[in-house]
Amino acid sequence: MSIYDLFGNKNDTFDKDKWAAKKKAERENAYTLIETTSAAMAENGEVFRQYLDVQSQFDRYSVSNAILISAQMPTATRLKSFAEWKKAGVYVNRNAARIMILEPGKEYTREDGSTGVSYNAKAVYDISQTSAKQTVPEEPDMRNLVSALIDASPVSFQIAEDLEGMTAYYDSEQDVIFLQDGLGEMQLFTGMSKEIAAAIYDYRHGESRDASSFQAYCVAYMLSKRYGMDVSDFQFEQVSEELKGLDPQALKGKLNLMRDVLTEIQMDMQKTLHKEKNKTARDKEQAR
């Protein structure tokens with residue numbers, strides 16, 4: 001008796017063409033969803049905010065995948081494939097709806113000689129669709145978060161007594177961010193976030209504070225959302241005029257740059273927060 005008898009009927013054959021057609025359809029459906037959602041984002045402030053919420057949660061995901069997630073399950077917090085959840089000892093709920101994203105496949109050579117990357121549709125599931133227990137996020141330590149933001153800034157800070165109603169202001173001529181004296185912790189965080197983003201747009205990408213105002217505002221929103229700040233004061237009822245009318249590719253270009261700025265700030269913040277976490281752990285160990 002062969003060990004393959006354990007698998008039952010051998011008569012069913014794998015239809016390679018049918019499988020390839022299915023994967024192609026899934027990939028094309030994903031691209032179509034990206035285009036339709038991008039068009040809606042450029043016109044509808046709430047749809048745009050929904051994308052920002054997802055990108056803030058999944059800051060390492062591409063813009064395309066953040067758009068796909070926002071269109072399918074904007075409340076998602078942690079995604080894995082069926083096999084990845086199973087490997088972690090977690091079971092996906094019966095009849096859980098698939099969330100389709102795109103993952104890089106093989107490289108190929110275009111007709112002009114340049115190298116391209118093919119993408120494959122991949123089904124993932126959110127933790128809310130599984131047997132895993134969801135943890136409650138810890139309350140943010142505002143002192144540590146503000147300290148991390150300071151380290152992420154390409155320019156220095158100065159306290160000002162009167163900024164004429166503004167919480168913070170990046171002055172490119174003096175290479176400094178002015179902060180209004182007497183701000184609450186969350187006001188300080190959101191104000192710093194926007195002006196740090198504006199400084200990075202200026203320093204790294206040659207866009208003035210005025211030119212990058214809306215994008216920096218979006219980065220501040222995503223950072224605030226990520227770290228548990230009150231974001232009720234952020235307004236997206238109307239999408240910025242500079243986004244309206246953009247085709248999906250042009251919109252994605254702006255969103256990609258926005259994500260790059262977010263990632264730069266996030267990476268620098270995480271270095272500081274990681275050091276502080278290790279220091280706290282050492283202090284507790286020494287106190288025993």
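Residues numbered from 1 in each chain as written. Predicted model: local features only at pLDDT ≥ 70, side-chain atom pairs only at ≥ 80, totals over all residues. Heavy atoms only, no water.

### Focus on the nonpolar core
Residues Phe 48, Leu 52, Phe 189, Leu 255, Ile 265 and Met 269 are the most contacted members of the largest nonpolar core, which totals 64 residues. Val 90, Val 92, Ala 96 and Tyr 125 belong to the second-largest nonpolar core, a separate cluster that totals six residues. (Core = buried A, V, L, I, M, F, W, Y, C linked by side-chain atoms within 4.5 Å. Buried < 20%, exposed > 50% of the residue type's maximum accessible area, 1.4 Å probe, protein only.)

### What about the pattern of salt bridges?
According to the stated counting rule, one finds ten salt bridges in the structure shown. Salt-bridge contacts for Glu 195 lead to Arg 209; the nearest nitrogen and oxygen are separated by 2.8 Å. Taken together, the positions of Glu 195 in helix α6 (residues 185-205) and Arg 209 in the loop between α6 and α7 (213-226) put the pair 14 residues apart, joining distant regions of the chain. According to the relative accessible area criterion, Glu 195 is buried, its value standing at 2%. Owing to a relative accessible area of 18%, Arg 209 belongs among the buried residues under this scheme. In this structure, Arg 204 and Glu 264 form a salt bridge, with 2.9 Å as the shortest nitrogen-oxygen distance. Of the two residues, Arg 204 sits in helix α6 while Glu 264 sits in helix α8 (residues 248-287), which places them 60 residues apart along the sequence. (Salt bridge = Lys/Arg side-chain N within 4 Å of Asp/Glu carboxyl O. Helix = DSSP H or I, 4+ residues; strand = E, 2+ residues; numbered from the N terminus.)

### Some points on unusual backbone geometry
Of note, Glu 164 is a non-glycine position whose phi angle comes to about 55°, a positive value. Given a relative accessible area of 72%, Glu 164 falls into the exposed group. The backbone phi angle of Asp 175 is positive, close to 55°, even though this residue is not glycine. The residue Asp 175 is located in the loop between β5 (168-171) and β6 (176-180) in this model.

### Regarding the sheet that holds strand β1 (residues 79-80)
Spatially, three strands are ordered β1-β3-β2 in an open sheet, and the strand pairing comes out antiparallel. Since the sheet does not close on itself, it has two edges, and those belong to β1 and β2 (99-109), each with one partner. Pairing of β2 with strand β3 (residues 115-126), which is carried by nine bridges, proceeds in the antiparallel orientation. Bridge pairing links Glu 107 to Val 117 in β3. (Pairing = 2+ DSSP bridges.)

### A short note on helix α5 (residues 142-152)
Buried within α5 we find Met 142, Leu 145, Val 146, Ala 148, Leu 149 and Ala 152. For α5, the arc enclosing every buried residue in end-on projection is 160°, short of the 170-degree limit, so these residues lie on one face. Of the residues that open α5, the one with a side-chain oxygen 3.2 Å from the backbone nitrogen of Arg 143 is Asp 141. (Arc of directions from axis to C-beta. Polar contact = N/O pair within 3.5 Å; in protein donor to acceptor, adjacent residues only side chain to side chain.)

### Here's the deal with the packing of aromatic side chains
Counted under the stated rule, the structure contains ten aromatic pairs. Centre to centre, the rings of Phe 48 and Tyr 51 are 6.4 Å apart; their planes meet at 45°, and the pair counts as tilted. Of this pair, Phe 48 and Tyr 51 both sit in helix α2 (residues 45-57), separated by three residues, roughly a single helical turn. Of the two residues, Phe 48 and Tyr 51, both sit in the buried class. Measuring from ring centre to ring centre gives 5.3 Å for Tyr 221 and Phe 234, while their planes differ by 75°; the resulting arrangement is edge-to-face. In this pair, Tyr 221 sits in helix α7 while Phe 234 sits in the loop between α7 and α8, placing the two residues 13 residues apart along the sequence. Both residues of the pair, Tyr 221 and Phe 234, count as buried. (Phe/Tyr/Trp six-rings, centres within 6.5 Å; stacked < 30°, edge-to-face > 60°.)

### Describing the sheet that holds β5
Ordered in space as β4-β6-β5, the three strands form an open sheet in which the pairing is mixed. In the strand order of this sheet, the two ends are held by β4 (156-160) and β5, each with one partner. On average, each strand axis in the sheet is inclined to that of its neighbour by 25°, with strand direction left out of account. Here α6 sits on the sheet in contact with β4, β5 and β6, set at roughly 15° to β5. (Axes fitted to C-alpha atoms, helices over the stretch in contact; angles between N-to-C directions. Contact = heavy atoms within 4.5 Å.)

### Observations concerning a nonpolar patch on the surface
Where nonpolar side chains cluster on the molecular surface, the patch consists of Tyr 31, Val 117 and Tyr 119 and spans about 240 Å² of accessible area. With respect to the secondary-structure elements, Tyr 119 resides in strand β3. Judged by its relative accessible area of 34%, Tyr 119 falls in the partly exposed class. (Patch = residues over 30% accessible without salt bridge, like charges linked within 9 Å, V, L, I, M, F, W, Y side chains within 5 Å. Areas by Shrake-Rupley, 256 points an atom, 1.4 Å probe, with all protein chains shown as cover.)

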